[in-house]
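Architecture and fold: a report
Residue-level listing of the chains:
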Amino acid sequence: RLRRAARARPLVAAHRGLSQLFPENTLHAFRAAVKAGADLVELDFHATRDGVLVCSHDHDLRRCAGPGTPRALLGKRIARLSLADLRAVDAGSWKAPRFRGARIPTLQEALGVILPRANPFIERKGGTPRQTLDTLRACGALERVVVHAFDWAYLTRLHALAPGLALGALGGGALTRQKLEGIRRTGAHMIHWHGQSLARGEVQHLRKLGYSVFAYTLNSELEFRGALALGLDGISTDRPDACLALLQKRGILNNQTGQVC
């Protein structure tokens, strides 16, 4: 279960790793995020045809595959490809030539890089609750990971199978009573919401209800300062290094606040 401890600052989640500078959802980006000092390293995962959870935001390879990727793979959904197929994908050179040859990592490989120095913050894009739990158990990560999703029915099923697992409900727009009731049914103790949809009064109300409140995806100094004014528990950003530098500059960076679950 996610604990909302009293903190001097919001936690910093590296969105898809340090994705401003490195190819997103690769081991390069995850290692850089950990090195930068991010409290959480966020990633996305899908299930392959042969049931392996792999790190990717998109459902297919069109956007994040370099020129060395076999053309036959580009139009296919990850769910229809095997892990062996994905091992042939160049997942780095689309970002910069120096990343040529980077591979799409499995979730298990990603967790091995992130732990124990940061908390994995994993977003389900595909795969079943059982596949998620099997992978987390195989890595010994159940006590350190936060699973979040826009699919609240998935979260509800996951909570039924593992009531102690820390969950976050992703969403945006007005936080209506109907949405809050839907979040309550998931068993989530974190609300991860679109940053422009939140007001300070809403954040305070949600915290009184016992939720941790994170906002995505904030990348400018103005947005970081706004997050501090809102009293958020966490900031999801492509620029964790810049966010942490601002916190350092303001004298509120405290490395002892990084434990989240």
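Residues numbered from 1 in each chain as written. Predicted model: local features only at pLDDT ≥ 70, side-chain atom pairs only at ≥ 80, totals over all residues. Heavy atoms only, no water.

1. With respect to the pattern of salt bridges
Here is the rule we go by: Counted as salt bridges are all cases of a side-chain nitrogen of Lys or Arg within 4 Å of a carboxyl oxygen of Asp or Glu. For helices the rule is a DSSP run of H or I covering at least 4 residues; for strands it is a run of E covering at least 2, with both sets numbered from the N terminus onward. Burial classification: accessible surface area is computed with a 1.4 Å probe over protein chains only, and a residue below 20% of its type maximum counts as buried, one above 50% as exposed, and the rest as partly exposed.
Counted according to the given criterion, the structure contains 13 salt bridges. Residue E221 pairs with R225 through a salt bridge whose shortest N-O separation is 2.7 Å. With E221 and R225 both in helix α9 (residues 221-230) and four residues apart, this pair spans about one turn of that helix. According to the relative accessible area criterion, E221 is partly exposed, its value standing at 39%. Overlapping salt bridges, with partners in common, bring together R16, E24, D44, D58 and R63 in one network.

2. What to know about the packing of aromatic side chains
How two aromatic rings sit relative to each other is given by the distance of their centres and the angle of their planes. To keep it simple, the criterion reads: Side-chain rings of Phe, Tyr and Trp, where Trp is taken by its six-membered ring, are said to pair if the distance between their centres is within 6.5 Å; with planes under 30 degrees apart they count as stacked, over 60 as edge-to-face, and otherwise as tilted.
Applying the stated criterion to the full structure yields four aromatic pairs. With 5.8 Å between their ring centres and 55° between their planes, F121 and F214 make a pair best called tilted. Of this pair, F121 sits in strand β4 (residues 119-124) while F214 sits in strand β8 (residues 212-216), and the two are 93 residues apart along the sequence. By relative accessible area, which is 2% here, F214 ends up buried.

3. Notes on unusual backbone geometry
With an omega dihedral of 0°, the bond running from L115 to P116 counts as a cis peptide bond. Structurally, the position occupied by P116 is in the loop between α4 (107-114) and β4. One non-glycine residue with positive phi stands out, namely R16, at about 60°. Owing to a relative accessible area of 14%, R16 belongs among the buried residues under this scheme. Phi is positive for N25, which is not a glycine, with a value near 55°. Along the chain, the position of N25 falls in the loop between β1 (11-14) and α1 (27-36). A relative accessible area of 3% places N25 in the buried class.

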